[in-house]
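Chains, contacts and geometry: an overview
For reference, the chains in residue letters:
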Amino acid sequence: MELENYQKATNYIKSKMGNISPKLAIVLGSGLGVIADEFEDLITIKYKDIPGFPVSTVSGHAGELLIGKINGVSVIAMNGRFHYYEGYDLKDVTFPIRVFHLLGINDLLLTNAAGGINLDFKVGDFMVINDQLSFFAESALRGKNLEEFGTRFPSMSQIYDKDLSQKLLDIINKYTSHAQTGVYAYMKGPAYETPAEIRALRILGADAVGMSTVPEAIIAKHCGMRVVGVSCITNMAAGIPSNLSIETKELSHKEVNETADRVRFVFKDIVKEYIQLF
Ligand code: HPA
């Protein structure tokens with residue numbers, strides 16, 4: 001992927017955006033696309049129309065960019081993201097993030113559905129991500145470094161912006177009694193983890209696990225964006241008894257979608273209030 005590829009997509013989006021200049025980019029995770037209803041003067045751009053953009057394949061993930069104002073603040077949102085397990089290269093998975101950067105956007109909010117590993121967590125909690133684990137997966141920065149975006153060996157000692165993360169946590173606390181913070185572990189998927197993998201991840205310091213977010217966070221940090229991440233704990237990870245029953249049960253995409261569905265309205269309120277910070 002060359003700078004030119006990112007520039008082509010950026011120019012196409014600019015040509016559709018009119019005079020809007022978004023302050024914040026949001027990546028909407030599984031089932032969390034409900035914010036789409038909140039836009040004033042909504043402009044929708046289908047991924048398939050943007051040069052160089054990959055196209056989303058998972059059910060529950062739409063494939064479009066939403067651009068407009070929410071309570072007066074200009075934002076751009078990805079309704080549907082790309083995952084490594086779909087077969088994309090990590091350069092494709094993270095393509096939109098560099099396009100946001102070239103659009104002049106400095107702030108990124110990453111959202112996702114995740115499995116709870118921390119035994120204090122409950123299904124329906126929201127975890128503000130304070131760090132991440134992915135050393136067992138390929139880096140999205142592998143390959144030729146594009147100096148226009150950032151340095152070859154970027155620091156990852158503080159990926160998630162502390163101040164904004166605290167503000168998001170305060171907002172979650174205002175709307176729910178389910179606010180958590182913790183470390184997000186990235187797994188490539190698409191199979192859910194085994195109980196042995198989850199036990200190992202807990203020992204390594206993970207509080208939640210999922211199949212997204214980390215590649216985007218690394219690419220955003222590389223080009224100097226301020227990153228904030230939040231996980232909706234849609235299920236307890238493999239082998240961990242859920243708060244609904246003492247039995248451990250088989251994990252399913254259905255459970256993930258059902259929880260995301262249940263919390264999406266409070267999630268929408270949280271995101272709406274977060275947007276007001278910009
Ligand atoms: N594991 C991985 N990804 C997930 C999970 C999980 O338990 N829940 C939602 N996304």
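Here, every reference points to the structure presented above.
A brief look at the structure comes next. Here the structure is a predicted model, which means the values were calculated and not measured.

**Regarding a nonpolar patch on the surface**
Together, Phe-135, Phe-136 and Leu-204 give the surface a local cluster of nonpolar side chains, amounting to about 310 Å² of exposed area. Inspection of the secondary structure puts Phe-136 in the loop between strand S6 (126-133) and helix H4 (162-175).

**A few points about the packing of aromatic side chains**
Taken as a whole and assessed by the stated rule, the structure comprises ten aromatic pairs. When the centroid spacing of 5.2 Å and the interplanar angle of 50 degrees are considered together, the rings of Tyr-47 and Phe-82 count as tilted. Taken together, the residues Tyr-47 in the loop between strand S2 (40-46) and strand S3 (64-70) and Phe-82 in the loop between strand S4 (73-79) and helix H2 (90-93) connect sequence positions 35 residues apart. As far as burial versus exposure is concerned, Tyr-47 and Phe-82 are alike and both buried. Ring geometry for Phe-53 versus Phe-82: centroids 6.2 Å apart, planes at 75 degrees, classification edge-to-face. Within this pair, whereas Phe-53 is found in the loop between S2 and S3, its partner Phe-82 is found in the loop between S4 and H2, the two being separated by 29 residues in sequence. For Phe-53, a relative accessible area of 8% puts it in the buried group. Members of the aromatic cluster, each reached through a chain of ring pairs, are Tyr-6, Tyr-47, Phe-53, Phe-82, Tyr-88, Phe-95 and Phe-149. Here Arg-98 stacks its cationic end above the ring of Phe-149, 4.4 Å away from the centre of that ring.

**A short note on the site of the ligand**
As a matter of local geometry, the ligand sits amid Ala-113, Ala-114, Gly-115, Tyr-192, Glu-193, Val-209, Gly-210, Met-211, Thr-234, Asn-235, Leu-251 and Val-256. The side chain of Glu-193 places a nitrogen or oxygen atom 2.8 Å from a nitrogen atom of the ligand. In isolation the ligand offers 260 Å² of accessible surface; the protein chains occlude 95% of this area. The pocket occupied by the ligand, as judged from atoms lying within 2 Å of grid points, is the largest pocket. Of all elements in the fold, only strand S5 (107-116), strand S8 (208-210) and strand S9 (226-236) reach the threshold of two or more residues within the shell around the ligand. By residue number, the principal contributor to the shell around the ligand is S5, which donates three residues.

**Details of the nonpolar core**
Ile-13, Leu-65, Ile-76, Phe-100 and Leu-108 are the most contacted members of the largest nonpolar core, which has 66 residues in total. Ignoring anything within four residues of it in the chain, the contact list for Ile-76 reads Ile-13, Pro-22, Leu-24, Ala-25, Ile-26, Leu-65, Leu-66, Ile-67, Phe-100, Leu-103 and Ile-105.

**Topic: empty space enclosed by the protein**
Evaluation of the coordinates by the stated rule reveals two cavities of 30 Å³ or more. Estimated volume of the second largest cavity: approximately 60 Å³. In this structure, the second largest cavity is lined by Met-1, Tyr-6, Lys-91, Arg-98, Ala-140, Leu-141, Lys-144, Asn-145, Leu-146 and Ile-219. Here the residues of the lining of the second largest cavity sort into six nonpolar, one polar and three charged.

**A word on the side chain of Ser-134**
With respect to the helices and strands, the residue Ser-134 is situated in the loop between S6 and H4. Here Ser-134 falls in the buried class, since its relative accessible area comes to 17%. Not counting chain neighbours up to four residues away, the residues in contact with Ser-134 comprise Tyr-186, Val-214 and Ile-218.

**With respect to helix H3 (residues 95-102)**
For H3, the tally of buried residues reaches six of eight residues, placing the bulk of the element in the interior. When we look at burial in H3, the residues that qualify are Phe-95, Pro-96, Ile-97, Arg-98, Val-99 and Phe-100. Positioned one or two residues after H3, Gly-104 has a phi angle of 90 degrees, which is positive.

Here is what the cut-offs are and how they apply
- Residues numbered from 1 in each chain as written.
- Predicted model: local features only at pLDDT ≥ 70, side-chain atom pairs only at ≥ 80, totals over all residues.
- Heavy atoms only, no water.
- Patch = residues over 30% accessible without salt bridge, like charges linked within 9 Å, V, L, I, M, F, W, Y side chains within 5 Å.
- Areas by Shrake-Rupley, 256 points an atom, 1.4 Å probe, with all protein chains shown as cover.
- Salt bridge = Lys/Arg side-chain N within 4 Å of Asp/Glu carboxyl O.
- Helix = DSSP H or I, 4+ residues; strand = E, 2+ residues; numbered from the N terminus.
- Phe/Tyr/Trp six-rings, centres within 6.5 Å; stacked < 30°, edge-to-face > 60°.
- Buried < 20%, exposed > 50% of the residue type's maximum accessible area, 1.4 Å probe, protein only.
- Lys NZ or Arg CZ within 6 Å of the ring centre and 35° of its normal.
- Near = heavy atom within 4 Å.
- Polar contact = N/O pair within 3.5 Å; in protein donor to acceptor, adjacent residues only side chain to side chain.
- 1 Å grid on protein atoms, 1.4 Å probe; cavity = no way out; pocket = protein on both sides within 12 Å on 5 of 7 lines; lining within 4 Å.
- Sits in = over half its atoms within 2 Å of the grid points.
- Core = buried A, V, L, I, M, F, W, Y, C linked by side-chain atoms within 4.5 Å.
- Contact = heavy atoms within 4.5 Å.
- Points joined across faces, edges and corners; volume = space filled by probe spheres on them.
- Nonpolar A, V, L, I, M, F, W, Y, C, P; charged D, E, K, R; others polar.

All we've got here are geometric facts, nothing functional implied.
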